[in-house]
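Chains, contacts and geometry: an overview
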Amino acid sequence: DLYTNEAIAAIFIKDKNINKYFLDYALKFTDLEKYVDNAVKGKTLNKQKLRQIEIPIPPLKEQEQIASYLDELSLNIKALKENYKTQIKDYEELKKSLLKKAFEGRL
């Protein structure tokens with residue numbers, strides 16, 4: 001999801017005790033709707049609002065473990081989605097084949 005207005009706010013991590021991958025996941029799981037402003041042309045999230053977001057920061061090693069675990073889960077989910085798509089495709093092909101055989105009287 002993207003919130004923007006005339007300016008795009010970037011986040012620069014200056015603290016060496018914050019893992020950027022952990023922060024990325026933390027922001028993805030943060031309810032940003034609480035921080036957005038409703039403008040005429042949509043929702044905005046500016047630097048001032050970004051500063052209000054509170055994210056609990058565990059020790060660096062724990063952040064790395066959490067990010068690594070979530071990376072692994074994301075890969076597993078991606079593989080499951082691909083498997084599901086393949087199964088749906090196979091099902092559709094089988095269905096077409098069976099219908100064709102049924103209408104040709106070969107069942």
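Because the structure is predicted, anything quoted here is derived from the model rather than measured. (Residues numbered from 1 in each chain as written. Predicted model: local features only at pLDDT ≥ 70, side-chain atom pairs only at ≥ 80, totals over all residues. Heavy atoms only, no water.)

So, the environment of leucine 50
For clarity, the cut-off: Under the DSSP-based scheme used, a helix requires at least four consecutive residues in state H or I and a strand at least two consecutive residues in state E, with every element numbered from the N terminus. Only protein chains enter the accessibility calculation, which uses a 1.4 Å probe. A residue is then buried if its area is under 20% of the maximum for its type, exposed if over 50%, and partly exposed in between. Any pair of residues with heavy atoms lying within 4.5 Å of one another is described as a contacting pair.
By secondary structure assignment, the location of leucine 50 is in helix H2 (residues 47-52). Of the residues examined, leucine 50 reaches a relative accessible area of 22% and is grouped as partly exposed. Measuring from C-alpha to C-alpha, the distance between leucine 50 and alanine 10 comes to 9.7 Å, with 40 residues separating the pair along the chain. Look past the residues within four positions of leucine 50 in its chain and what remains in contact with it is Ala9, Ile11 and Leu45.

Here's the deal with the pattern of salt bridges
To keep it simple, the criterion reads: Here, a salt bridge means any side-chain nitrogen of Lys or Arg that lies within 4 Å of a carboxyl oxygen of Asp or Glu.
Taken as a whole and assessed by the stated rule, the structure comprises four salt bridges. Of the charged contacts in the structure, one is a salt bridge between glutamate 82 and lysine 85, with a shortest N-O distance of 3.7 Å. Here the residue glutamate 82 and the residue lysine 85 both occupy positions in helix H3 (residues 60-103), the gap between them amounting to three residues, near one helical turn. With relative accessibility at 52%, the residue lysine 85 sits in the exposed group. The salt bridge involving glutamate 104 is made with arginine 106; its shortest N-O contact spans 2.7 Å.

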